[in-house]
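Each chain is listed here by its residues.
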Amino acid sequence: MTMIDRRSLLAGGAALLAAQATPAATAPATLKAAAAQRGRRFGSAFAWAPPGRDAASFDNLAYAALLQRDCAVLVAENQMKWQALRPSPDRFDFAQFDAMVDWAMRHGFAMRGHTLLWAYSKWFPAWLNNQDFGQRPATAAAAILDRHIDTVAKRYGGKIHSYDVVNEAVDPDTGGLRETSLSRAMGGTANVLDHAFRTARAAAPHAELVYNDYMSWEDGNEKHRAGVLKLLEEFHRRGTPVDALGVQSHIGLFQPTTNAAAVAHRLEPEWRRFLDRVVAMGYRLVITEFDVRDRGLPAAIGPRDRGVADFARAYLDIMLSYPELGDVLAWGLSDRYSWLRGFEPRPDGAIARGCPYDMDLRPKPLRDAMIAALAVGVPTKR
Ligand code: G3I
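Before going into details, it helps to say that this report is about the structure given with it. (Residues numbered from 1 in each chain as written. Predicted model: local features only at pLDDT ≥ 70, side-chain atom pairs only at ≥ 80, totals over all residues. Heavy atoms only, no water.)

Let's shift gears to unusual backbone geometry. In this model, His114 is joined to Thr115 through a cis peptide bond whose omega is -5°. Looking at where Thr115 falls in the secondary structure, it is placed in the loop between β3 (110-114) and α6 (126-129). Phi at Glu168 is positive, roughly 55°, even though this residue is not glycine. With phi around 70°, Ser249 is a residue other than glycine that occupies positive phi space. Relative to the assigned elements, Ser249 resides in the loop between β6 (244-247) and β7 (250-252). Its relative accessible area of 1% is what places Ser249 among the buried residues. (Helix = DSSP H or I, 4+ residues; strand = E, 2+ residues; numbered from the N terminus. Buried < 20%, exposed > 50% of the residue type's maximum accessible area, 1.4 Å probe, protein only.)

Here it is, written out as structure tokens:
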């Protein structure tokens, strides 16, 4: 036996002994712990519901236990939206959102605010769509917008560290900016958005200000991605105070496939080109609403869960390779309460399985895949 062989044998043996001496790194036990290993917070949307209602609320003890186990940051799924907070121009109703923020603070969670302006008529309260802005419409519309942002941001102060100041202002079909009653009154959507971000910066100087949208990596998102990039470039050119892009991350397999990883592999280059351009402008990233639409996968739970987990892992590995990525939030922890059940039911009637926990709040392969990705991603840079 030559010296080299003998030396390599000794070296190999020493390495084997060392490995046995130090326990192999085991996967972190929770989503919160996995994210924390790389300096991030993992979290989820949650809800308000009357006591005893079967909902994704903090009053649901089983669901609250999942939130406390896996989450360090929370966001209200619906209760901070205009429809919930402001039933009329001159009336605010904070009861439900106050209860959610109080519970979150008492239990040590950070809180995101979603959303100060959903710039999409479909989701405006009826009164805002029909508002008569009088003889000086730009002034009147700006006053309504300012009052909303000021009232919310000053009520919650430091309790909310990050706001989706504007949600979904880009039309995914054209890449242009959506028109609304506010944009018609204020001389265009760009004016509305700049006004919203400047007012938010003044009202919440401590907070991370986020533009949030659902442009994604799947085929068919090309115009949406281009429109969001154009908007971010315009914000940058005008000096609009936008700190981060909120990447909602409602990812999905929409065409029949049994090889989710192969689909992900094909989508990666274009998605990285998009993200590279965003961070090159100096924006940070936030994953704000992660879940997986599984309609292209077979109904059978085994293959479906495997496909969802593989697709999610590939996506998260890309996202978590960016140190600019901070908080990572799912849009709910359980299939039982997911918006996907009502908004995007599977054609075969099977219940979507796009959340880390199933209908009975049991963990799924998706949760393991999320933990694995969160634990090994590039650490965030704060
Ligand atoms: O609370 C009322 C209830 O009192 C009433 O009886 C019932 C029937 O009308 O409606 C209930 O409100 C519903 C609310 O969810 C709470 O369940 C609204 O109609 C319904 O439109 C609303 O849907 C939400 C949707 O946004 C629109 O706001 C979904 O739960 C929520 O998951 C979804 O979340 C959006 C994000 O905000 C933005 N990104 C996309 C994401 C998914 O669409």
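For helix α10 (residues 222-238), built from 17 residues, the straight-helix expectation of 24 Å at 1.5 Å per residue is met to within 8% by its first-to-last C-alpha distance of 24 Å. Those residues of α10 that sit buried are His224, Arg225, Gly227, Val228, Leu229, Leu231, Leu232, Glu234 and Phe235. Check the buried side of α10 and you find it contacts α9 (189-203), β5 (208-213), β6 and α11 (260-280). Backbone geometry just after α10 places Gly239 at a positive phi near 75°. (Expected span 1.5 Å × (residues − 1). Contact = heavy atoms within 4.5 Å.)

With 109 residues, the main nonpolar core has Phe42, Phe97, Tyr163, Val166, Tyr211, Leu245 and Phe290 as its most contacted residues. Not counting residues up to four positions away in its chain, the partners in contact with Leu245 are Val210, Tyr211, Met215, Val228, Leu232, Phe274, Val278, Tyr283, Arg284, Leu285 and Val286. Counting nine residues, the second largest nonpolar core, distinct from the first, contains Ala45, Trp331, Trp339 and Ala352. (Core = buried A, V, L, I, M, F, W, Y, C linked by side-chain atoms within 4.5 Å.)

Evaluated as defined, the whole model comprises 27 salt bridges. With a shortest N-O distance of 3.0 Å, Asp90 and Arg147 are connected by a salt bridge. In this pair, Asp90 sits in the loop between α4 (82-85) and α5 (95-106) while Arg147 sits in helix α7 (residues 137-156), placing the two residues 57 residues apart along the sequence. When its relative accessible area of 61% is taken as the criterion, Asp90 is described as exposed. A salt bridge links Arg112 to Asp164; the nearest nitrogen and oxygen atoms lie 2.7 Å apart. Here Arg112, found in strand β3, pairs with Asp164, found in strand β4 (residues 160-167); they are 52 residues apart in sequence, far enough to count as distant. Grouping residues by exposure puts Arg112 and Asp164 together as buried. Among the ionic contacts, a cluster of salt bridges with common partners joins Asp294, Arg304, Arg346 and Asp348. (Salt bridge = Lys/Arg side-chain N within 4 Å of Asp/Glu carboxyl O.)

Around the ligand lies a shell of 14 residues, among which Glu77, Lys81, His114, Glu168 and Glu289 are the nearest. One nitrogen or oxygen atom from the side chain of His114 is found 2.7 Å from an oxygen atom belonging to the ligand. Taken by itself the ligand offers 790 Å² of open surface, and the protein chains cover 51% of this. Applying the majority rule of atoms within 2 Å of the grid points places the ligand in the largest pocket. (Near = heavy atom within 4 Å. Polar contact = N/O pair within 3.5 Å; in protein donor to acceptor, adjacent residues only side chain to side chain. Areas by Shrake-Rupley, 256 points an atom, 1.4 Å probe, with all protein chains shown as cover. 1 Å grid on protein atoms, 1.4 Å probe; cavity = no way out; pocket = protein on both sides within 12 Å on 5 of 7 lines; lining within 4 Å. Sits in = over half its atoms within 2 Å of the grid points.)

Structurally, Thr180 can be placed in the loop between β4 and α8 (181-186). Beyond its immediate chain neighbours, meaning those up to four positions away, Thr180 contacts Ala119, Tyr120, Ser121 and Phe124.

The topology assignment puts Asp70 in helix α3 (residues 61-70). With relative accessibility at 0%, the residue Asp70 sits in the buried group. Only 2.3 Å separates the side chain of Asp70 from the side chain of Tyr357, close enough to count as a polar contact. Leave out the neighbours within four places in its chain, and Asp70 touches Thr30, Leu31, Lys32, Phe42, Tyr357 and Arg367.

Applying the stated criterion across every chain, the model contains 19 aromatic pairs. For the ring pair Phe46 and Phe58, a centre distance of 6.5 Å and an interplane angle of 55° mean the geometry is tilted. Remark: Phe58 occurs in the loop between β1 (42-46) and α3 and Phe46 occurs in strand β1; sequence separation between them is twelve residues. Given the relative accessible area of 11%, Phe58 is considered buried. Ring centres 5.1 Å apart and planes at 25° place the aromatic pair Trp118 and Trp123 in the stacked group. Through successive ring pairs, a cluster of aromatic residues spans Trp217, Trp271, Phe274, Phe290, Phe311 and Tyr315. (Phe/Tyr/Trp six-rings, centres within 6.5 Å; stacked < 30°, edge-to-face > 60°.)

Let's shift gears to the environment of Pro379. Tracing the backbone shows Pro379 in the segment after α14 (365-376). Residues Pro379 and Arg38 lie 341 residues apart in sequence; the distance between their C-alpha atoms is 4.2 Å. Sequence-distant contacts of Pro379, that is, excluding residues within four places in its chain, are made with Arg38, Arg40 and Pro323.

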